[in-house]
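Reading the structure
The primary structure of each chain is shown beneath.
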Amino acid sequence: MNSFRLALFSGLLLCAAPAVSLRADQAKETGPKEAESPRLTIERIFEKNEFGSEGHSGRWIKGWPGYLRQVESAETKGGKDIVMIDPESGATNIVVAAQDLIPAGRSSPLSVEAYDFSDDRSRLLIFTNSKRVWRRNDRGDYWILDRSSLGLRQLGGDAPPSSLMHAKLSPDGRWAGYVRDRNIYVEELRTGDVRQLTRTPNEELIHGVFDWVYEEEFGLHDGWRWSPAGDAIAFWQTDTSGVRAYPLIDYTAGLYPEIQWIRYPKTGEQNSAVRLGVVRLDDRNITWLDLPGDPRNHYPHWMEWPEEAGGIVVQQLNRLQNTNAVFVADPATGEASLLFRETDAAWVDVLTDNRWAGEGKAFPWLSERGGWRQLYRVNAEDGRLKQVYDDSIDVVALEQFVAETGDIYFIASPDDATQHYLYRANLSGGRPQRITPADQPGTHSYNISPDGRWAIHTRSSHDEPPIVDLVRLPGHEVVRVLEKNEKLNKKLEKLERSPVEFFRVKVADGVQVDAYCVKPPDFDPTRKYPAIVYVYGEPAGQTVRDSWGGSGGLWNQFLAQQGFVVLSFDNRGTPAPRGRDWRKSVYRQVGILAAEDQVQALRTTLAERPYLDPGRVGIWGWSGGGSMTLNALFKYPDDYAAGIAVAAVPNMRLYDTIYQERYMGLPDDNVAGYREGSPLFFAHQFKGRLLLVHGTGDDNVHYQGFEVLVDRLVHSGKQFESLAYPNRSHGIGEGQNTTLHLRRAMWDFWQRTLLQAAPAADASPTAPAVALPSEAAGQ
């Protein structure tokens, strides 16, 4: 589940109340001097992108003395050179010139979207002309450049344009492998000979890529791996037969709508059958790995073939995702030997970056078995785990493991869950050391070289845009600044902005949640202000982070300039580095405990801050935040006056198996939890004002849920507003003016419902709960 979501009808159905704003003149400010204005507008943020920040990309490759990046070519108009930058001196050398990327018969170079070098650096693999596949542009054209002869040719034989996926060069440099039409192919680079290694008899069988739910919830895209010798390929095979399909309907296609069916397993339904195979390039025979369990009720969610391991390393979850088994499989026989198991009473957070050390004798591992997400050393011979350190420090992410020294760089923040810092430990043991300087608060990320000596370091805070520099590790000495975002900072200096206040608020005995508050720049503590709560609240993400928020953070500042106070709370169950019990307290009660924490945080904040108007509190969120918005409005109708739910899941039974069952268990084993956590069953209690928003082409959170909720609200006699975006997906970003239209609609709603003390749309007594004919969608 992404951190976004949306809902209905073919237009914005708004009530007849006029759009009155206490500062409407400021909100609609336009003119030639707009860029110099201290006031934000929706257009400046979302249409003109005046406040976009710059970064500094760089790619480290093991064995290369510097990092690689693409830069505008001085010699070839419209092209980019691939250059290597020496971290010590800053000297730049052209590795591949743009002029060498001009195909025969063309006048302009290829637009390089991704690239990789062969191990001996003699060949360059280029990805270009990409097309979107669900979330990412994974399908496209691949070209190979011979750096000695400068020969450039396209891979794929007679393949149609933009039809190849996940091409990789073999370790011996002889072959390129790729996926085409759900099958795996290899192409000999010297001769151009193409071999098809797998054969799909129908559209239900997939090799080397994944079905929708594996891609969305496990982040899996590339479904095959080269053997260390380059003579075989290990791959995922997905059999989608028996998985029920959901229709995405395009009503704008012509006189009759077009329908696209996608295999989508909803909670409690049948999954695809997934297995792992090894195919040899010479005889094309397939050996299937002998993993235990029903392939429809187990998830082989990760596979790698490191030379040090002596076999194929596989991680397999059970359907409840509370047991993660790690196997080492023999590629010749398929026999899989269990190395160790990771278990949890709730769910297991998986690690897919296992880097081997000591000639394959050990590797780092993350586990919460001690109450915190801590580092362990796994003995690769017998599977025994040894804790690297015993401090109460949650590891947020592993950044780099240097096998030669045993050094492990990771992100953590033991004292402030809203921030991120770099730490270092060693696989042999010892207390972790903070690497990020103590005088640099905020959020830090690192792109660390394979030898652990250098890092491209990015730091920001909620009030300060990113600064990128190159640092020497482990001392964190700044070698040079790579990006200051000076242009953006000058624009921000001219704005009327309020600093973001971070604080904690009590929600239960011994429990405080992290929060932030954005006040109007001309804040007057003697006045009463309307408040808007921005919420997500599910295990997939935090909102209270001390990092640059981009357009989202500026949206909060825009609302503050118009007279709102913006709040956000990270309830229990969000993935903050506050210990296992904090994160997993919501197991089997997503939407229940979180909603309680949110309203208690609001009530405490209102009591402590008399400048907030309890009668004018709004709440909004996207995706899981949209669901949380509905739970707040329906379960606590006297606490929230209005809300905007974008791409919400009104009934958890309508979402997919992997995400929802991970946190809620199986529907038949947790009937009460699914019902109590789903806002649909509390719609009859709704009293306030509501704007529902959804994209009709949302493949993630289906438009079906929006219509089920609308049906329930109508049946219960509840008035609401709705906005549907034809064919837009979960992010509602496709099409001209879409984002601008949505933000204008949201702003209009807040003006009418909170800036003036408007009466609730439903002033009648609360209607009783009604059993509807559509109850099947709400079981």
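I will try to describe carefully the structure that is included in this document. (Residues numbered from 1 in each chain as written. Predicted model: local features only at pLDDT ≥ 70, side-chain atom pairs only at ≥ 80, totals over all residues. Heavy atoms only, no water.)

A few words on the overall build of the protein chain. Helix and strand content of the protein chain: 12 helices and 42 strands. Radius of gyration (C-alpha) of the protein chain: 27 Å, near the 28 Å computed for a compact globule of 779 residues. Looking at the protein chain residue by residue over its 779 residues, the buried ones come to 58%. In the protein chain, the proportion of contacts linking residues at least 24 apart, taken out of those at least 6 apart, comes to 61%. Total accessible area on the protein chain is roughly 31300 Å²; 47% of this is exposed by carbon and sulfur atoms. (Helix = DSSP H or I, 4+ residues; strand = E, 2+ residues; numbered from the N terminus. Rg over C-alpha atoms; globule rule 2.2 N^0.38 Å. Buried < 20%, exposed > 50% of the residue type's maximum accessible area, 1.4 Å probe, protein only. Contact = heavy atoms within 4.5 Å. Areas by Shrake-Rupley, 256 points an atom, 1.4 Å probe, with all protein chains shown as cover.)

Inspection of the entire model under this criterion finds 47 salt bridges. Between Glu-734 and Arg-132 there is a salt bridge, with the nearest N and O atoms lying 3.2 Å from each other. Placement of the pair is Glu-734 in the loop between strand 42 (721-725) and helix 12 (738-755) and Arg-132 in strand 6 (residues 123-133), with a sequence separation of 602 residues. Here Glu-734 falls in the partly exposed class, since its relative accessible area comes to 24%. Across the pair Asp-699 and Arg-135 runs a salt bridge whose closest N-O atoms are separated by 3.3 Å. Residue Asp-699 is located in the loop between strand 41 (689-695) and helix 11 (703-715), and its partner Arg-135 is located in the loop between strand 6 and strand 7 (136-146); the two are separated by 564 residues in the primary sequence. Overall, the relative accessible area of 25% leaves Arg-135 in the partly exposed class. (Salt bridge = Lys/Arg side-chain N within 4 Å of Asp/Glu carboxyl O.)

What follows covers the sheet that holds strand 21 (residues 312-318). In space, the 4 strands of this open sheet follow the order 20-21-22-23, with antiparallel pairing throughout. In this open sheet, the two strands that pair with only one neighbour each are strand 20 (298-304) and strand 23 (336-343). The sheet shows a mean angle of 25 degrees between the axes of neighbouring strands, taken without regard to direction. (Pairing = 2+ DSSP bridges. Axes fitted to C-alpha atoms, helices over the stretch in contact; angles between N-to-C directions.)

This part is about the packing of helix 5 (residues 550-561) against helix 12. Helix 12 packs onto helix 5 with a crossing angle of 30 degrees between their chain directions and a minimal axis gap of 12 Å. The pairing of helix 5 with helix 12 is recorded here as roughly parallel in orientation. Judged by the sense of rotation from one axis to the other, the crossing of helix 5 with helix 12 is right-handed. In this structure, helix 5 uses Trp-555, Phe-558 and Leu-559 to contact helix 12, whose residues at the interface are Arg-743, Met-746, Trp-747 and Trp-750. In the contact of helix 5 with helix 12, the residues fall into 6 nonpolar, no polar and 1 charged. (Parallel < 35°, antiparallel > 145°, perpendicular 65-115°, else oblique. Left-handed = near helix turned anticlockwise from the far one by under 90°. Nonpolar A, V, L, I, M, F, W, Y, C, P; charged D, E, K, R; others polar.)

The next subject is the nonpolar core. For soluble globular proteins, nonpolar side chains are generally found buried alongside one another. Judged by nonpolar contacts, the single largest core of 96 residues is most densely connected at Phe-634, Leu-690 and Leu-692. The element that contributes the greatest number of residues to this core is helix 7 (residues 593-608), accounting for 7 residues. Formed by 41 residues, the second largest nonpolar core is a distinct cluster that contains Leu-488, Val-518, Leu-554 and Leu-723. (Core = buried A, V, L, I, M, F, W, Y, C linked by side-chain atoms within 4.5 Å.)

This paragraph deals with the packing of aromatic side chains. Inspection of every chain in the model, using the stated rule, returns 32 aromatic pairs. Between the aromatic rings of Tyr-214 and Tyr-299, the centroid separation amounts to 5.9 Å while the plane-to-plane angle is 75 degrees, which identifies the pairing as edge-to-face. Remark: Tyr-299 occurs in strand 20 and Tyr-214 occurs in helix 3 (residues 212-218); sequence separation between them is 85 residues. Note on accessibility: Tyr-214 and Tyr-299 belong to one class, buried. Ring-pair connections join several aromatic residues into one group, and the members of that group are Phe-46, Trp-555, Phe-558, Phe-564 and Trp-747. Positioned above the aromatic ring of Trp-64 is the side chain of Arg-121, whose terminal nitrogen or guanidinium carbon lies 4.5 Å from the ring centre. (Phe/Tyr/Trp six-rings, centres within 6.5 Å; stacked < 30°, edge-to-face > 60°. Lys NZ or Arg CZ within 6 Å of the ring centre and 35° of its normal.)

Next up on the list: the pairing of strand 29 (residues 421-426). With 5 of 6 residues buried, strand 29 lies mostly within the body of the structure. Where strand 28 (residues 407-412) and strand 29 come together, 6 bridges link them in antiparallel fashion. Following the sheet pairing, Phe-410 is matched in strand 29 by Tyr-423. Of the strand pairs in this sheet, strand 29 and strand 30 (residues 433-434) are connected by 2 bridges, and their pairing is antiparallel.

This part takes up the sheet that holds strand 24 (residues 362-367). Here 3 strands make up an open sheet; going across it, the order is 24-25-26 and the pairing antiparallel. Edge strands, defined here as strands with exactly one partner in the open sheet, are strand 24 and strand 26 (385-387). Direction aside, neighbouring strands of the sheet carry axes that sit 35 degrees apart on average. With 3 bridges connecting them, strand 25 (residues 374-379) and strand 26 associate as antiparallel partners. Within strand 26, the residue paired with Val-378 across the bridge is Leu-385.

For the rest of this paragraph, the subject is unusual backbone geometry. In this structure, Pro-474 follows Leu-473 across a cis peptide bond, with omega equal to 10 degrees. Among the secondary structure elements, Pro-474 is positioned in the loop between strand 33 (467-472) and strand 34 (477-483). A positive phi angle, close to 70 degrees, is found at Arg-182, a residue other than glycine. Of note, Ala-647 is a non-glycine position whose phi angle comes to about 55 degrees, a positive value. Among the secondary structure elements, Ala-647 is positioned in the loop between strand 40 (642-646) and helix 9 (657-664).

This part takes up the environment of Glu-113. As for its position among the elements, Glu-113 is in the loop between strand 4 (92-96) and strand 5 (114-117). Overall, the relative accessible area of 41% leaves Glu-113 in the partly exposed class. As for Glu-113 and Glu-269, which are separated by 156 residues in sequence, their C-alpha atoms are 38 Å apart. Apart from the residues lying within four places of it in its own chain, the contact partners of Glu-113 are Phe-127, Thr-128, Asn-129 and Ser-130.

To continue, consider the environment of Glu-501. Secondary-structure assignment places Glu-501 in strand 35 (residues 501-508). Within the structure, the side chain of Glu-501 is placed 2.8 Å from the side chain of Arg-609, a separation counted as a polar contact. (Polar contact = N/O pair within 3.5 Å; in protein donor to acceptor, adjacent residues only side chain to side chain.)

Quick look at the side chain of His-730 now. Topologically, His-730 is positioned in the loop between strand 42 and helix 12. There is a polar contact of 2.8 Å between the side chain of His-730 and the side chain of Asp-698.

Turning next to helix 11. For helix 11, which comprises 13 residues, the first-to-last C-alpha distance of 19 Å matches the rise-based estimate of 18 Å (1.5 Å per residue) to within 8%. Turning to helix 11, its buried residues are Tyr-703, Gly-705, Phe-706, Val-708, Leu-709, Val-710, Arg-712 and Leu-713. Where the residues of helix 11 are buried, they touch strand 16 (245-250), helix 8 (624-635), strand 41 and strand 42. Taken from the residues just after helix 11, Gly-717 is the one with a positive phi, measuring 75 degrees. (Expected span 1.5 Å × (residues − 1).)

Considering the arrangement of structural elements, one finds Ser-148 in the loop between strand 7 and strand 8 (152-154). Considered as a pair, Ser-148 and Asn-727 are 579 residues apart in the sequence and their alpha carbons are 48 Å apart. A polar contact of 2.6 Å, which involves the side chain of Ser-148, links it to the side chain of Asp-146.

The next point concerns the pairing of strand 33. Inspection of the sheet shows strand 32 (residues 454-460) paired to strand 33 by 6 bridges, in the antiparallel sense. From the neighbouring strand, Arg-459 faces strand 33, where its bridge partner is Ile-467. Bridge count for strand 33 against strand 34 is 5 bridges, and the pairing is antiparallel. In the strand pairing of strand 34, Val-471 is matched with Val-478. From the end of strand 33 to the start of strand 34, which pair antiparallel, there are 4 residues, and His-476 there has a positive phi angle of about 65 degrees.

All right, on to the side chain of Asn-271 then. Along the chain, Asn-271 falls in the loop between strand 17 (258-263) and strand 18 (273-280). Judged by relative accessible area, Asn-271 falls into the buried class, the value being 3%. A distance of 3.0 Å separates polar atoms of two side chains, one belonging to Asn-271 and the other to Tyr-299. If near-sequence neighbours (up to four positions away) are discounted, Asn-271 is found in contact with Val-243, Pro-265, Arg-296, Tyr-299, Arg-319 and Thr-657.

Geometric descriptors of this kind do not, in isolation, establish any biological role.
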